[in-house]
Amino acid sequence: MFDLTDKTAIVTGANTGIGQGIALALAGAGANIAAVGRTAATETVERVRAQGRRAEIIQADLSTVEPVDFIIDEAKEKFGRIDILVNNAGIIRRGAAIDFSEEDWDAVIDLNLKSLFFLSQAVGREMMSAHQVDGRIGKIINIASMLSFQGGAHAASYTASKSGVAGLTKLLANEWADKGVCVNAIAPGYIATNNTAGLQADKTRNRQILDRIPAGRWGDPLDIGGAAVFLASSASDYVQGHILAVDGGWLAR
Ligand code: NAD
């Protein structure tokens, strides 16, 4: 049920952090990887190939929706099919709401929410066509956040974007669940990546965060991989519109 042999997964932001962890986990289950990133995902591609799977770099800047068609065309040309999309690329801009700039608002919403939606729309069309031909089920996995459930502070556009990701995940599931596309999300807790390097380096915040995580440690990008394999595989064919927290127990606290 968890076998992904010969499936093709598009993973955005695959060069580092959670995206890399997900790409390696999907490859470990048999998938070939179209590694999308603003910078070339060279290390990820090498590590996937070392696992005996195919991997190709698709260099694209998703700060606008302009490269969406290019990504689809490249993935189809290089692999011939698209079975899985992981919308992982994302950024955060920090600052008090009272002073938050329009630039910091737009940059985060454009990547985390707008590009996620339009890439999903384009891949969704491909998946629905393939489903009509041979009944296969496509899988879209959005990367949400604890701030899909909580308000947080000092990250207005990030909270808006990730709350939006949770809403869109449910909306797309409602529209596409009977059309051969499963749409779900993973909400990572505190994961040690570039994105959280500042928090890890801040001794006080680091201690506060660790004290609140029942598991007592930061997550590793590979901790997200198992959930991604589940949501990418036929094991989750009847799971729709779910936001799966992988958080060391943070939300249970
Ligand atoms: P990261 O900074 O290591 O990874 C972000 C990825 O997005 C990188 O691969 C980067 O190249 C890519 N990216 C950034 N701007 C891009 C653009 N314009 N076009 C294409 N790609 C772009 O951080 P991460 O922690 O691995 O974050 C991955 C996802 O996980 C993000 O959506 C983030 O919001 C989410 N997330 C992270 C945590 C955490 O604790 N680290 C928690 C919850 C959610």
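The paragraphs below set out a description of the structure included in this document. (Residues numbered from 1 in each chain as written. Predicted model: local features only at pLDDT ≥ 70, side-chain atom pairs only at ≥ 80, totals over all residues. Heavy atoms only, no water.)

### Comments concerning the pairing of strand β2 (residues 32–37)
Logical step 1: Counted residue by residue, β2 has 6 buried out of 6 residues, so it is predominantly covered.
Logical step 2: Residues of β2 alternate between two faces, with N32, A34 and V36 on one and I33, A35 and G37 on the opposite face, all of them buried.
Logical step 3: Of the pairings in the sheet, the one linking strand β1 (residues 8–12) to β2 comprises 5 bridges and is parallel in character. Bridging from a neighbouring strand, T12 pairs with V36 of β2.
Logical step 4: Regarding topology, helix α1 (residues 17–28) serves as the crossover connection from β1 to the parallel β2, and that connection is right-handed. (Buried < 20%, exposed > 50% of the residue type's maximum accessible area, 1.4 Å probe, protein only. Helix = DSSP H or I, 4+ residues; strand = E, 2+ residues; numbered from the N terminus. Pairing = 2+ DSSP bridges. Right-handed = clockwise from strand over helix to strand, strands pointing away.)

### Here's the deal with the sheet that holds strand β7 (residues 243–246)
Logical step 1: Strand order in this open sheet of 7 strands is β3-β2-β1-β4-β5-β6-β7, and the pairing throughout is parallel. One side of each edge strand has no neighbouring strand; the edge strands of this open sheet are β3 (55–59) and β7. Taking the axes of each pair of neighbouring strands and ignoring which way they run, one obtains an average angle of 20 degrees across the sheet. (Axes fitted to C-alpha atoms, helices over the stretch in contact; angles between N-to-C directions.)

### Concerning the packing of aromatic side chains
Logical step 1: By the definition in use, this model includes 4 aromatic pairs.
Logical step 2: Seen in terms of ring centroids, F2 and F230 are 6.5 Å apart; in terms of plane orientation they differ by 40 degrees. Their pairing is tilted. Taken together, the positions of F2 in the segment before β1 and F230 in helix α8 (residues 221–232) put the pair 228 residues apart, joining distant regions of the chain.
Logical step 3: In this structure F2 comes out as partly exposed when scored by relative accessible area, which is 45%.
Logical step 4: By relative accessible area, which is 26% here, F230 ends up partly exposed.
Logical step 5: A ring pair is formed by Y190 and W218, whose centres lie 5.7 Å apart and whose planes are at 85 degrees; its orientation type is edge-to-face. (Phe/Tyr/Trp six-rings, centres within 6.5 Å; stacked < 30°, edge-to-face > 60°.)

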